[in-house]
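Here is what each chain is made of, one letter per residue.
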Amino acid sequence: MTATMRAVVIDAPGGPEVLRLREVPVPIPVPGLVLIRVEAFGLNRSELHFRRGMGHFGSFPRVPGIEAVGTVVAAPGGEYAVGTQVAALMGGMGRDHDGGYAEYTLVPASSVVPFTSTLDWATIGAVPEMLQTAHGSLTVGVDAQPGDTLLVRGGTSSVGLACIVLAKQQNMTVIATSRNPDRTERLHRAGADHVVIDTGSIADAVRRIVPAGVDGAVELIGTDTLPDTLRATAVHGTVSFTGMLSDVWTIPDFYPMDVIPNGVRLTAYSGAASDLPAPVLQGFLDAVAAGTTTVPIAKVYPLEDIVQAHCDMEDGARSGKLVVTTR
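Residues numbered from 1 in each chain as written. Predicted model: local features only at pLDDT ≥ 70, side-chain atom pairs only at ≥ 80, totals over all residues. Heavy atoms only, no water.

## With respect to the overall build of the chain
- Along the backbone of the chain there are 10 helices and 15 strands.
- The C-alpha atoms of the chain give 20 Å as radius of gyration, which agrees with the globular expectation for 327 residues (20 Å, within 12%).
- With respect to the three principal axes, the spread of C-alpha positions in the chain is 60 × 40 × 35 Å.
- Every one of the 327 residues in the chain was classed for burial, and the buried ones make up 55%.
- Of the contacts made within the chain by residues no fewer than 6 positions apart, 69% connect residues no fewer than 24 positions apart.
- Total accessible area on the chain is roughly 13,300 Å²; 54% of this is exposed by carbon and sulfur atoms.
- Taking the average place of the 23 positive charges on the side chains of the chain and the average place of its 33 negative ones, the gap between the two points comes to 3 Å. (Helix = DSSP H or I, 4+ residues; strand = E, 2+ residues; numbered from the N terminus. Rg over C-alpha atoms; globule rule 2.2 N^0.38 Å. Buried < 20%, exposed > 50% of the residue type's maximum accessible area, 1.4 Å probe, protein only. Contact = heavy atoms within 4.5 Å. Areas by Shrake-Rupley, 256 points an atom, 1.4 Å probe, with all protein chains shown as cover. Lys, Arg positive; Asp, Glu negative; His and termini not counted. Charge placed at Lys NZ, Arg CZ, Asp CG, Glu CD.)

## Quick word on helix α9 (residues 278-290)
- For α9, built from 13 residues, the straight-helix expectation of 18 Å at 1.5 Å per residue is met to within 8% by its first-to-last C-alpha distance of 18 Å.
- At its buried positions, α9 is contacted by β5 (85-89), β7 (112-114), α2 (121-125), α3 (128-142) and α4 (158-169).
- Positive phi shows up at Gly-291, right after α9, with a value of about 85°. (Expected span 1.5 Å × (residues − 1).)

## Comments concerning the environment of Asp-224
- Following the sequence through the fold, Asp-224 ends up in the loop between β11 (214-219) and α7 (226-231).
- Note: C-alpha distance between Asp-224 and Tyr-301 (77 residues apart in sequence) is 32 Å.
- Side-chain polar atoms of Asp-224 contact the side chain of Ser-246, separated by 3.0 Å. (Polar contact = N/O pair within 3.5 Å; in protein donor to acceptor, adjacent residues only side chain to side chain.)

## Digging into the sheet that holds strand β8 (residues 149-153)
- Taken in spatial order, the six strands of this open sheet run β10-β9-β8-β11-β12-β13, and their pairing is parallel. Strands with a single pairing partner mark the edges of an open sheet, and in this sheet they are β10 (194-197) and β13 (265-268). Between one strand axis and the next, the sheet turns by 20° as a mean value, whatever way the strands run.
- Pairing of β8 with strand β9 (residues 173-178), which is carried by four bridges, proceeds in the parallel orientation. (Pairing = 2+ DSSP bridges. Axes fitted to C-alpha atoms, helices over the stretch in contact; angles between N-to-C directions.)

## Quick look at unusual backbone geometry
- With an omega of -5°, the peptide bond running from Phe-60 to Pro-61 counts as cis.
- With respect to the element layout, Pro-61 can be found in the loop between α1 (45-52) and β4 (67-74).
- Positive phi outside glycine occurs at Asn-171, with the angle close to 60°.
- Backbone geometry places Asp-247, a non-glycine residue, at a positive phi of 65°.
- As for its placement among the helices and strands, Asp-247 is situated in the loop between β12 (233-241) and α8 (256-259).

## Observations concerning the pattern of salt bridges
- A full pass over the atoms with the stated rule returns 15 salt bridges.
- Notably, a salt bridge pairs Glu-67 with Lys-321, separated by 3.1 Å at the nearest N-O pair. Of this pair, Glu-67 sits in strand β4 while Lys-321 is found in strand β15 (residues 321-325), placing the two residues 254 residues apart along the sequence. Just as Glu-67 is buried, Lys-321 falls in that class too.
- In this structure, the salt-bridge partner of Arg-231 is Asp-228, at a minimum N-O distance of 3.6 Å. Separated by three residues within a single helix, Arg-231 and Asp-228 lie in helix α7, roughly one turn from each other.
- Through salt bridges with shared partners, one network takes in Arg-45, Arg-51, Arg-52, Asp-247 and Glu-314. (Salt bridge = Lys/Arg side-chain N within 4 Å of Asp/Glu carboxyl O.)

## So, the nonpolar core
- In this structure, Leu-150, Ile-164, Leu-281 and Phe-284 are the most contacted members of the largest nonpolar core, which totals 44 residues.
- If you list the elements that add at least two residues to this core, you get β5, α3, β8, α4, β9, α5 (184-190) and α9.
- Here this core gets eight residues from one element, more than from any other, and that element is α4. (Core = buried A, V, L, I, M, F, W, Y, C linked by side-chain atoms within 4.5 Å.)

## Digging into the packing of aromatic side chains
- Per the stated rule, a full pass over the model turns up three aromatic pairs.
- A ring pair is formed by Phe-50 and Phe-60, whose centres lie 4.7 Å apart and whose planes are at 20°; its orientation type is stacked. Remark: Phe-60 occurs in the loop between α1 and β4 and Phe-50 occurs in helix α1; sequence separation between them is 10 residues.
- Given a relative accessible area of 29%, Phe-60 falls into the partly exposed group.
- The positively charged end of Arg-37 is found above the aromatic ring belonging to Tyr-104, 5.4 Å away from the centroid. (Phe/Tyr/Trp six-rings, centres within 6.5 Å; stacked < 30°, edge-to-face > 60°. Lys NZ or Arg CZ within 6 Å of the ring centre and 35° of its normal.)

Any functional reading would require information beyond the geometric quantities listed.
Right under this line is the structure:
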């Protein structure tokens with residue numbers, strides 16, 4: 001192992017051009033931390049927010065990236081054997097300490113999830129944060145049950161597509177939305193039973209499919225569409241506020257009795273590595289390897305194309321997960 005590595009560094013907030021590829025020292029592992037040789041990582045909307053300086057988290061300069069996959073190089077605390085395949089996610093990655101946009105990353109052992117797979121690294125790199133968010137939204141956020149009707153608002157996002165896949169594994173009836181009619185077939189291929197074109201107001205269209213309203217909904221667009229999603233949900237149904245693709249985070253002058261219909265439950269989900277149990281990750285990767293589940297990858301980039309990758313994430317023209325490989 002060399003003493004230096006390539007890493008993407010942000011010195012201060014800004015546009016995609018602030019992502020600078022540099023040669024920096026490889027982190028030195030200490031007990032409690034795990035050094036990982038990064039093979040691939042997925043891009044996440046929260047990294048775009050961080051790069052812009054939005055929100056109240058993280059510091060600069062920083063190597064961004066809230067997830068990565070690769071192999072263990074060193075674990076002085078003995079948590080993992082050298083060579084173990086692992087995913088690393090959350091736990092302050094890319095915000096409080098340097099993250100996955102690099103050839104090596106040093107992360108808390110609590111942020112590491114082991115697995116075994118012969119899938120290519122680009123495919124594996126698309127999975128961890130996407131799967132954690134989708135799995136957590138369905139289990140923690142919505143508490144969805146087999147056979148439920150589920151609305152996925154923002155279905156062509158990577159998390160939305162993963163929600164569809166997981167919901168269909170539990171025989172749910174899935175209604176997914178997209179603003180773009182051209183993506184209807186993509187949603188059906190992922191498993192959506194019904195597709196609603198999102199004009200900003202879809203509650204009536206959803207209730208024409210399910211007159212009583214859906215049992216559960218995963219809101220991935222933002223607070224601007226949340227009231228309408230709540231109106232599409234049945235009494236005693238649950239809406240999980242999970243994503244903010246529209247970058248609208250708050251509801252001005254929030255009056256709960258005006259926004260939340262009688263008897264509809266509103267929850268939220270933002271996860272951690274502990275919300276992705278190793279058996280869930282392993283089971284998903286095994287299903288992909290067996291051909292019974294697909295990973296919605298939009299495009300794979302080399303590390304040196306990180307600026308273009310962020311430009312593509314920012315314009316939202318691609319449906320699915322954007323992935324970067326390090327070699």
